[in-house]
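A structural walkthrough
Here is how the chains run, residue by residue.
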Amino acid sequence: MRLSLISAAALSLLALGSQAQAANYAIDPAHTYVTFEIDHFGTSTNRGRFDKKEGKVEFDRAAKTGKVDIAIDTKSVNTGFGAFNEHLQSAELLDAAKFPKMTFVSTQFNFNGDKLADIAGNLTLLGKTQPVTLKATNFNCYDNPMLKREVCGGDFEATIDRTQFGVNYGIDWGFPKNVRLLIQVEAIKQ
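The structure displayed is predicted, hence computed values, not measured ones.

1. What about the overall build of the protein chain?
The helix and strand inventory of the protein chain stands at two helices and 11 strands. Each helix and strand of the protein chain, ordered N terminal to C terminal, gives the series α-β-β-β-β-β-β-α-β-β-β-β-β. Counting only residues that meet the buried cut, the protein chain has 36% of its 190 residues in that class.

Below you can see the structure in the form of structure tokens.
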């Protein structure tokens, strides 16, 4: 009798474990923004965004695990000023002709209880890869009434040292090396 109760409990746990699976999500470009900020001689803040991005997310809420793979088109940088966009795309900065994509690939989702705290991963820019942790300032999943599917997303941020990627333009003139990344992302369950 005791053995059959243990067997039944073990089968129940296996059944529950098999139900917990990661779901696949596609990045929604209409609700995903990758922006950056950099100080300009201590007087103002230069801001810009990347208009083209694509990616996928795998997320298992019960297991508190996930994967993110996002590609950003460096040629789509947009500051609202054409000459500045061209300079950012030049070999002095993003070298968009040689490196048309930058990527972020996660290595770990970190939780504080049930709340997503951050996503650790690797950012590749100009062919160089460095670890970056995106802090979650907001995260939620909901059933989208128009799409009739679950959508997960949030706001994330990190500060990177651009010189670690070889972006050294203006350092000798006093331009800061730190760039703040702000990422707003929503992904639709597939």
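2. Let's talk about the state of the cysteines
Under the defined criterion, the tally for this structure stands at one disulfide. Note on cysteine connectivity: Cys-141 is disulfide-linked to Cys-152, with sulfurs 2.0 Å apart. Here the disulfide of Cys-141 and Cys-152 is right-handed, its torsion about the S-S bond being about 110 degrees. Residue Cys-141 is located in strand 9 (residues 128–144), and its partner Cys-152 is located in strand 10 (residues 149–161); the two are separated by 11 residues in the primary sequence. Cys-152 shares its class with Cys-141; the two are buried.

3. Thoughts on the nonpolar core
Phe-50, Leu-123 and Phe-156 are the most contacted members of the largest nonpolar core, which has 39 residues in total. Among the elements that make up this core, the one with the highest residue count is strand 11 (residues 178–189) (five residues).

4. Observations concerning the pairing of strand 2 (residues 33–40)
For a regular strand, the rule is simple: side chains alternate between the two faces of the sheet. As paired elements, strand 2 and strand 11 share five bridges and run antiparallel to each other. By the bridge assignment for strand 11, Phe-36 is matched with Leu-181. When strand 2 meets strand 3 (residues 44–50), the two strands line up antiparallel, connected through seven bridges. By the bridge assignment, Glu-37 is partnered in strand 3 with Arg-47. Here strand 2 hands over to strand 3 after three residues, with Phe-41 in that stretch at a positive phi of 55 degrees.

5. Looking at the environment of Asp-161
Here Asp-161 shows up in strand 10. In this structure, the C-alpha to C-alpha distance between Asp-161 and Pro-176, residues 15 residues apart in sequence, is 8.9 Å. Sequence-distant contacts of Asp-161, defined by excluding residues within four places in its chain, comprise Lys-177 and Asn-178. One polar contact links Asp-161 to Thr-163, side chain to side chain, over a distance of 2.5 Å.

6. Describing the confidence of the model for the protein chain
With 89% of its residues at a pLDDT of 70 or more, the protein chain has an overall mean of 91. Overall, residues 1–19 carries pLDDT values under 50, and its contacts beyond four positions in sequence, including any with other chains, amount to zero contacts.

Rules and cut-offs
- Residues numbered from 1 in each chain as written.
- Predicted model: local features only at pLDDT ≥ 70, side-chain atom pairs only at ≥ 80, totals over all residues.
- Heavy atoms only, no water.
- Helix = DSSP H or I, 4+ residues; strand = E, 2+ residues; numbered from the N terminus.
- Buried < 20%, exposed > 50% of the residue type's maximum accessible area, 1.4 Å probe, protein only.
- Disulfide = S-S within 2.5 Å.
- Core = buried A, V, L, I, M, F, W, Y, C linked by side-chain atoms within 4.5 Å.
- Pairing = 2+ DSSP bridges.
- Contact = heavy atoms within 4.5 Å.
- Polar contact = N/O pair within 3.5 Å; in protein donor to acceptor, adjacent residues only side chain to side chain.
- pLDDT = per-residue confidence, 0-100.

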